Amino acid sequence: MKPSPLSDDDCNVFEINGNWYCYIPITKVSSTYLRRALPGRQFNIHTWQWYASDDSVPAPHDMNYLVALRDPVERWASGILEFWCRAYPNHTWLPDADYTWLFDQVEFDVHTRPQVDFLHPVDQTRCTWLWMDRAIETNSWFAQNNVVLRSVPPEDRNQGVSRPLIYFGPDGQRSEQAQPGWIASTPSAQIQSTIKYLLESDPANVERIRQYYQADYDLIESKFKTP
């Protein structure tokens, strides 16, 4: 079993109606938005203490968990976009290039780790499961439990295809302004359109992703049946 990809400061713990909840942020499942929008404090789930604080914490048997899940193929497409925008900003994406290697490996970094990997430290019998759609903030669970989500500006939501073009200097500098001799990142919309083409043009590519994330599909089916 791989170690959990959760960092020491990833989780939010908050109290509602006398019950404690720990939000488990799974990458590419609205995690950037929910970490900013949810109430509460940063929590280190590995050491069971507040992040950067020695205050007393709820007992493990009093903790509930909030987990959002997403269709694995959709999440992979978003995750591979995130990875390649960061790792290979000057790569030219063309639909007719050979991307067999992409579907041979499937998992490249934390943005493409299986969703089940994030749940290793979690008692799943105490989880509340949310399904991610285009407007997860409208999920009825928040209103039903009087959870007030903070307003998050669009620029802090990790917009994916809306992120600006980034220029990289010879010594790793980054800027949104062009500089002489600096390399421009590949527009993320170009990468996204290529990934979309690869998935829509060859069902075998989709099937390879589905097989890789079978454990995620099993979890989703057990909690939501067919989403």
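Cut-offs applied
- Residues numbered from 1 in each chain as written.
- Predicted model: local features only at pLDDT ≥ 70, side-chain atom pairs only at ≥ 80, totals over all residues.
- Heavy atoms only, no water.
- Helix = DSSP H or I, 4+ residues; strand = E, 2+ residues; numbered from the N terminus.
- Buried < 20%, exposed > 50% of the residue type's maximum accessible area, 1.4 Å probe, protein only.
- Phe/Tyr/Trp six-rings, centres within 6.5 Å; stacked < 30°, edge-to-face > 60°.
- Polar contact = N/O pair within 3.5 Å; in protein donor to acceptor, adjacent residues only side chain to side chain.
- Contact = heavy atoms within 4.5 Å.
- Core = buried A, V, L, I, M, F, W, Y, C linked by side-chain atoms within 4.5 Å.
- Disulfide = S-S within 2.5 Å.
- Pairing = 2+ DSSP bridges.
- Axes fitted to C-alpha atoms, helices over the stretch in contact; angles between N-to-C directions.
- Salt bridge = Lys/Arg side-chain N within 4 Å of Asp/Glu carboxyl O.

Chemist: So what's going on with unusual backbone geometry? Which residues, and what values?
Modeler: Comment: phi is negative for the bulk of residues other than glycine, and the bulk of peptide bonds are trans. The phi torsion at Ser30 lies on the positive side, around 60°, for a residue other than glycine. You can see Ser30 is positioned in the loop between strand E2 (19-24) and helix H1 (31-37). Given a relative accessible area of 18%, Ser30 falls into the buried group. Positioned with a positive phi, Trp48 is a non-glycine residue whose angle comes to about 55°. By secondary structure assignment, the location of Trp48 is in the loop between strand E3 (41-44) and strand E4 (49-50).

Chemist: Give a detailed account of the packing of aromatic side chains, specifying residues and quantitative values.
Modeler: For the structure shown, the criterion picks out 15 aromatic pairs. Pairwise contacts between aromatic rings join Phe83, Trp84, Tyr99, Trp101 and Phe108 into one cluster.

Chemist: So what's going on with the side chain of Asn12? Residues and values would help.
Modeler: Here Asn12 shows up in strand E1 (residues 11-16). Polar side-chain contacts of Asn12 include one of 3.4 Å to the backbone oxygen of Arg35. If near-sequence neighbours (up to four positions away) are discounted, Asn12 is found in contact with Tyr21, Cys22, Tyr23, Arg35, Leu38, Pro39 and Arg41.

Chemist: A description of the nonpolar core should follow, citing residues and the corresponding values.
Modeler: With 39 residues, the main nonpolar core has Phe14, Cys22, Ile24, Ile45, Tyr65 and Trp141 as its most contacted residues. Elements represented by at least two residues in this core include exactly E1, E2, H1, strand E5 (63-69), strand E6 (127-131), helix H4 (140-144) and helix H7 (214-224). It is E5 that contributes the most residues to this core, 6 residues altogether. In contact with Cys22, not counting residues within four places along its chain, are Cys11, Asn12, Val13, Phe43, Ile45, Met63, Asn64, Tyr65 and Leu66. Grouped together as the second largest cluster of nonpolar side chains are 21 residues, Trp76, Trp84, Leu102 and Phe103 included.

Chemist: Pulling in residues and values, what's your account of the state of the cysteines?
Modeler: By the definition in use, this model includes 0 disulfides. Its sulfur unpaired, Cys127 is 9.4 Å from the next cysteine sulfur, which belongs to Cys22. Of the residues examined, Cys127 reaches a relative accessible area of 13% and is grouped as buried.

Chemist: Run through the sheet that holds E3, naming residues and quoting values.
Modeler: Spatial ordering of the open sheet is given by E4-E3-E1-E2-E5-E6, a layout of 6 strands whose pairing is mixed. Here the strands that pair on one side only, and so sit at the sheet edges, are E4 and E6. This element, H7, spans E5 and E6 of the sheet and lies at about 100° to E6.

Chemist: Quick rundown of the pairing of E3? Include the residues and the values.
Modeler: Each regular strand carries side chains that alternate between the two faces of the sheet. For E1 and E3, the ladder comprises 3 bridges, and the chain directions are antiparallel. Note on E3: the bridge partner recorded for Val13 is Arg41. Pairing geometry for E3 and E4, over 2 bridges, is antiparallel. Bridge pairing links Asn44 to Gln49 in E4. Hairpin connection, E3 to E4: the antiparallel pair is bridged by 4 residues, and Trp48 has positive phi, about 55°.

Chemist: So what's going on with the pattern of salt bridges? Which residues, and what values?
Modeler: Taken as a whole and assessed by the stated rule, the structure comprises 7 salt bridges. Between Lys28 and Glu82 there is a salt bridge; the shortest N-O distance is 3.2 Å. Residue Lys28 is found in the loop between E2 and H1, and its partner Glu82 is found in helix H2 (residues 72-87); the two are separated by 54 residues along the sequence. When its relative accessible area of 2% is taken as the criterion, Glu82 is described as buried. Residues Arg208 and Asp104 are paired through a salt bridge, measuring 2.0 Å at the closest nitrogen-oxygen approach. Of this pair, Arg208 sits in helix H6 (residues 203-212) while Asp104 sits in helix H3 (residues 100-105), and the two are 104 residues apart along the sequence. Given a relative accessible area of 30%, Arg208 falls into the partly exposed group.

Chemist: Let's hear about the pairing of E1: which residues, and what values?
Modeler: Here E1 lies mainly inside the structure; 5 of its 6 residues are buried. Connecting the antiparallel pair E1 and E2 is a turn made up of 2 residues, with Asn17 showing a positive phi of about 50°.

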